[in-house]
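# Understanding the architecture of this molecule
Chain by chain, the residues:
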Amino acid sequence: MMIQVHETNNIEAILFDMNGTLRRRELHPPTQQMAVKRMLDLLGKKDAPDAFWEELERRYKAYGYWAQENLLQLTEKEIWTRWLLPDAPCNQIEPLADELTLAWKKTRGRTVPLAGAEETLLELKRRGYRLGVISNSMSSLDIPQSLQAFGWHDYFEVVILSSLVRYRKPAPEIFWEATSAMNIEPPQCAYLGNRISRDVIGCKRAGFALGIIIESPGKSYADEQDQAIQPDAIIHSLSELLTLFPVQVLPEPKA
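In this text the structure is predicted, and so the values were computed from the model without any measurement.

It is worth spelling out the overall build of the chain at this point. When helices and strands are counted, the chain shows 11 helices and 8 strands. Its C-alpha radius of gyration of 20 Å places the chain within 12% of the 18 Å reference for a compact globule of 255 residues. In the chain, which comprises 255 residues, the share counted as buried stands at 49%. In the chain, 72% of the contacts between residues at least 6 apart in sequence involve partners at least 24 apart. For the chain, the exposed surface amounts to about 12,900 Å²; the carbon and sulfur share of it is 52%. Each charge sign in the chain was given a centre, from 29 positive and 34 negative side chains, and these centres are 4 Å apart.

Here the focus is the nonpolar core. As a rule of thumb, soluble globular proteins bury nonpolar side chains together. In this structure, F16, L22, W152, F156, L241 and F245 are the most contacted members of the largest nonpolar core, which totals 30 residues. For this core, the secondary structure elements donating two or more residues are β1 (13–16), α6 (117–126), β4 (130–135), α7 (142–150), β6 (189–193), β7 (210–214), β8 (233–235) and α11 (241–244). In this structure L241 touches F16, T120, L124, L192, I212 and I235, once residues within four positions along its chain are discounted. Judged by nonpolar contacts, the second largest core, of 22 residues, contains Y63, L74, W80 and M138.

A few words now on the packing of aromatic side chains. For the structure on display, the rule yields 10 aromatic pairs. With centroids separated by 5.6 Å and ring planes inclined at 70°, the aromatic side chains of Y60 and W104 adopt a geometry described as edge-to-face. Here the residue Y60 occupies a position in helix α2 (residues 50–70), and W104 occupies one in helix α5 (residues 97–106), the gap between them amounting to 44 residues. Each member of the pair, Y60 as well as W104, is classed as buried. Site record: aromatic cluster; members linked through ring pairs are Y63, W66 and W83. The ring centre of F52 lies 5.4 Å from the NZ or CZ of K45, which sits over that ring.

Judged by how many residues are buried, β6 sits mostly within the fold: 5 of 5 residues are covered. Burial of β6 is two-sided: the residues C189, Y191 and G193 facing one way and the residues A190 and L192 facing the other way are all buried. Across 4 bridges, β1 lies against β6 in parallel orientation. Paired with I14 across the strands is A190, a residue of β6. For the crossover from β6 across helix α10 (residues 196–205) to β7, the handedness is right-handed.

As enumerated under the stated definition, the model contains 17 salt bridges in all. Across the pair D142 and R23 runs a salt bridge, and its minimum N-O distance is 2.6 Å. One end of the pair, D142, is in helix α7; the other, R23, is in strand β2 (residues 23–26), with 119 residues separating them in the sequence. Note on D142: relative accessible area 4%, which makes it buried. Here R24 makes a salt bridge to E26, at a shortest N to O gap of 3.1 Å. One continuous salt-bridge network, built from bridges that share partners, spans D17, K169 and D199.

Reading the values: the criteria
Residues numbered from 1 in each chain as written. Predicted model: local features only at pLDDT ≥ 70, side-chain atom pairs only at ≥ 80, totals over all residues. Heavy atoms only, no water. Helix = DSSP H or I, 4+ residues; strand = E, 2+ residues; numbered from the N terminus. Rg over C-alpha atoms; globule rule 2.2 N^0.38 Å. Buried < 20%, exposed > 50% of the residue type's maximum accessible area, 1.4 Å probe, protein only. Contact = heavy atoms within 4.5 Å. Areas by Shrake-Rupley, 256 points an atom, 1.4 Å probe, with all protein chains shown as cover. Lys, Arg positive; Asp, Glu negative; His and termini not counted. Charge placed at Lys NZ, Arg CZ, Asp CG, Glu CD. Core = buried A, V, L, I, M, F, W, Y, C linked by side-chain atoms within 4.5 Å. Phe/Tyr/Trp six-rings, centres within 6.5 Å; stacked < 30°, edge-to-face > 60°. Lys NZ or Arg CZ within 6 Å of the ring centre and 35° of its normal. Pairing = 2+ DSSP bridges. Right-handed = clockwise from strand over helix to strand, strands pointing away. Salt bridge = Lys/Arg side-chain N within 4 Å of Asp/Glu carboxyl O.

In structure tokens, the structure reads:
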């Protein structure tokens, strides 16, 4: 499936999902071990039994199901005091919530850019496209930290995270937060993600012109084939965006 060039003529902004689209998380024992130690230090514990981590994982998944079903993202303070550590004193947990969330995410491993991400973003920016990020994220620190580490901070006009705006994709409101901040109309925007049910459906509900899926090797979107809304294009590497989005032709200045 390929977008025709004429379909991109009115596109001024390309916005991106992060996880599985611009970056991935890989197992990395040193990062994971440091994250566990960081969580224990924050909680004032020397150690914790396996049962503690298993229950934390169960509660985390339960919260994730609730949040996606309701398309709402609680604050990190609310997540930890209501869902993950409801028995701990609120006045102890609330000041630590953002750092606890960051450490919890890092127990899964470290984040690395997808192949070709740097070159593609740089070239799209050079071609005149405005870029932004719209991503579901439990953490307010995780994605900004990655952008800083990757050297991508200056590529994006906006970074809209569900942890900060309270909506989760596919709610259209999270997409409108980005277009409002960029002072641009949704029909002038394209969105790239890796999930039809969240990324394509969400951006189309918000009125974006194009919804594009990147299908990573070994991670097919086939389980979402029955969705009523389908992507305008499916790509298998970020560099394919450079074929879809040519150099912008700016209007001639008026005499």
